[in-house]
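Analysis of the macromolecular model
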Amino acid sequence: MAKAKRKFVCQQCGTVTSRWQGQCEDCGEWNSIVEEAGETVFSARHDLQNGGRAITLVGLDSAVELPPRTSTGIAEFDRALGGGIVHGSATLIGGDPGIGKSTLLLQAAARIAMRGLSVAYISGEEAADQVRLRAQRLGLGTAPVQLASATSVRDILTTLGEGPPPALLIIDSIQTMHSDLIEGAPGTVSQVRASSQELIKFAKQRGTALILVGHVTKDGSIAGPRVLEHMVDTVLAFEGERSHQYRILRAVKNRFGGTDEIGVFAMVAEGLEEVANPSALFLTNRDETVTGATVFPALEGTRPVLVEIQALVVRLSSGATPRRAVVGWDNGRLAMILAVLEARCGLSFSTAEVYLNVAGGYRLSDPAADLAVAAALISALSERPVPADVVLFGEVALSSEIRPVAHAPLRLREAAKLGFNRAFVPASASDGVNGIAVSGFRTLAQLVDQMLGRG
């Protein structure tokens, strides 16, 4: 009998080595490498070019229909999915503990089941009675959702295979599932990979929509092997702070739609509530003008969201090293904006502490926020407020040039809809829309001159 080769796999990143070692060379984790059964010498040398079954090849121009979708009954959830759940698809949703993943899925499962479709909810972390109590608290106790508490993939698939397959299968969570085909504790790389593979295979063969709940690591990425994200069709990230009311469901990967849409929810006593107008969450009371506050029309897919950017500049007289603190924006980009204001516009921040915050806990990655951030810093430094009816957007270059950004008319229309009358934008995007007056700026120095009243 051929001797099996020894294989050692890192349980954090999935790196495979031929020998055990205390620290993984790729991710740097200690004591994370575990031995797994490897392939035999015979199987490694076996010729795979003969003895297989011929597959059918089709042309790229063959007619194909769009995959059928099922609405979850939650418009914001459908928006993040690209229009609903695709039959036979596998979706992975991850997020911090307590963020609301199980609550959202239970609400979606109940609404789908109330329309007459079969839904199975398998919990590996809670007993069925605990899930039932949560459903009653959310007012969903009468929904015909089939509940079970199990961790064995074999038991789950055996039970589901006895009758018609469910339209939707929810596994909460994949890190608790266990396959008896391989050795290892639940949550290890090999177990997560094997369990996911069997569940996805069932979903593809029987046409069941599968949703897997995934744990996340301390840095927010989905725990387990990276291959798990490649195996599924859609990866959703549930973001937000438990101290804030709002939650954002963002598509990270979607084989059946775009990855630039978000769904916005608010956590209330009855569960997660859809937010039709997200801008209302991120704009504070603007009846009084305050220095260091500007409004930026961010863009998430096809949805503009107006957020408030707040800056505070504190002069230091002790000669101590000034601090720069950022919440909701990139720290390196703030340093770049400060450098441009110092070098190109003649403003000095070297002896002042700078604090920047995006209101409501929103996180910005759009470079179009550069102009709004710069205006907030100028306003905080000079103690001159930006008018409350003004929105700003534009990318700032190192030369202080204000560069155009995508979808300027869409941003302006949203601002006009919410009562803003003016916009400070790049000079090349100064066409404007009805109901809002547009002022174009070619360089950041021109904006500084106007805000400070320089000739």
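As recorded in an unreviewed UniProt entry, the protein goes by DNA repair protein RadA and comes from Sphingobium soli.

Structural notes on the overall build of the protein
Scanning the protein for helices and strands turns up 12 helices and 23 strands. In terms of overall dimensions, the protein has C-alpha extents of about 90 × 55 × 50 Å along its principal axes. For the protein, with 455 residues in total, the buried portion stands at 47%. Contacts in the protein between residues far apart in sequence, at least 24 positions, make up 66% of those at least 6 positions apart. Carbon and sulfur atoms make up 50% of the accessible area of the protein, which amounts to about 22500 Å² in all. Put simply, the protein has 43 plus and 47 minus side-chain charges, and the middle of one group is 2 Å from the middle of the other.

A short note on the packing of aromatic side chains
Note on aromatic pairs: each is described by the distance of the centres and the angle between the planes. Going through the model one piece at a time under the given rule, you end up with 2 aromatic pairs. Centre to centre, the rings of F238 and F265 are 6.2 Å apart; their planes meet at 80 degrees, and the pair counts as edge-to-face. Of this pair, F238 sits in strand β11 (residues 234-239) while F265 sits in strand β13 (residues 262-268), and the two are 27 residues apart along the sequence. Neither residue differs from the other here; F238 and F265 are each classed as buried. Judged by centre distance (5.3 Å) and plane angle (75 degrees), the rings of F424 and F441 are edge-to-face. Remark: F441 occurs in strand β23 (residues 437-441) and F424 occurs in strand β22 (residues 422-426); sequence separation between them is 17 residues. For F424, a relative accessible area of 6% translates into the label buried. Judged by its relative accessible area of 5%, F441 falls in the buried class. Positioned above the aromatic ring of F393, the side-chain terminus of R411 is 5.8 Å from the ring centre.

Structural notes on helix α10 (residues 370-382)
Across its 13 residues, α10 extends 18 Å between first and last C-alpha, which sits within 8% of the 18 Å expected from 1.5 Å per residue. Burial of α10 is extensive: 12 of the 13 residues sit out of reach of the surface. For α10, the full list of buried residues reads D370, L371, A372, V373, A374, A375, A376, L377, I378, S379, A380 and L381. Immediately beyond the C-terminal end of α10, within one or two residues, lies E383, with a positive phi of roughly 60 degrees.

Describing the confidence of the model for the protein
Here the protein shows a mean pLDDT of 87. Residues at 70 or above account for 92%. Summarising per-element confidence for the protein, the mean pLDDT is lowest in helix α1 (residues 41-45) (53) and highest in strand β7 (residues 119-123) (96).

Observations concerning the UniProt feature "domain: RecA family profile" (unreviewed entry) in the protein
Sites flagged by UniProt as "domain: RecA family profile" (unreviewed entry) map to residues 66-216. Within the segment residues 66-216, helix and strand shares are 38% and 20% respectively, and the terminal C-alpha atoms sit 32 Å apart.

A short note on the sheet that holds β13
Within the open sheet, the 9 strands sit side by side as β8-β7-β9-β10-β6-β11-β12-β13-β14. Their pairing is mixed. Both edges of this open sheet fall to β8 (146-149) and β14 (271-274), since each of them pairs with a single strand only. Pairs of neighbouring strands in the sheet enclose a mean axial angle of 25 degrees, with direction left out of account. Strand contacts of helix α6 (residues 189-206): β6 (90-95), β9 (168-172) and β10 (209-214), with the helix running at about 160 degrees to β10, the strand carrying the most contacts.

Quick look at the side chain of E76
Take E76: it is sitting in helix α2 (residues 75-81). Residue classification places E76 among the buried residues on the basis of a relative accessible area of 5%. Side-chain polar atoms of E76 contact the backbone nitrogen of V264, separated by 2.9 Å.

Thresholds applied
Residues numbered from 1 in each chain as written. Predicted model: local features only at pLDDT ≥ 70, side-chain atom pairs only at ≥ 80, totals over all residues. Heavy atoms only, no water. Helix = DSSP H or I, 4+ residues; strand = E, 2+ residues; numbered from the N terminus. Buried < 20%, exposed > 50% of the residue type's maximum accessible area, 1.4 Å probe, protein only. Contact = heavy atoms within 4.5 Å. Areas by Shrake-Rupley, 256 points an atom, 1.4 Å probe, with all protein chains shown as cover. Lys, Arg positive; Asp, Glu negative; His and termini not counted. Charge placed at Lys NZ, Arg CZ, Asp CG, Glu CD. Phe/Tyr/Trp six-rings, centres within 6.5 Å; stacked < 30°, edge-to-face > 60°. Lys NZ or Arg CZ within 6 Å of the ring centre and 35° of its normal. Expected span 1.5 Å × (residues − 1). pLDDT = per-residue confidence, 0-100. UniProt positions renumbered as here; feature names shortened; annotations may be inferred. Pairing = 2+ DSSP bridges. Axes fitted to C-alpha atoms, helices over the stretch in contact; angles between N-to-C directions. Polar contact = N/O pair within 3.5 Å; in protein donor to acceptor, adjacent residues only side chain to side chain.

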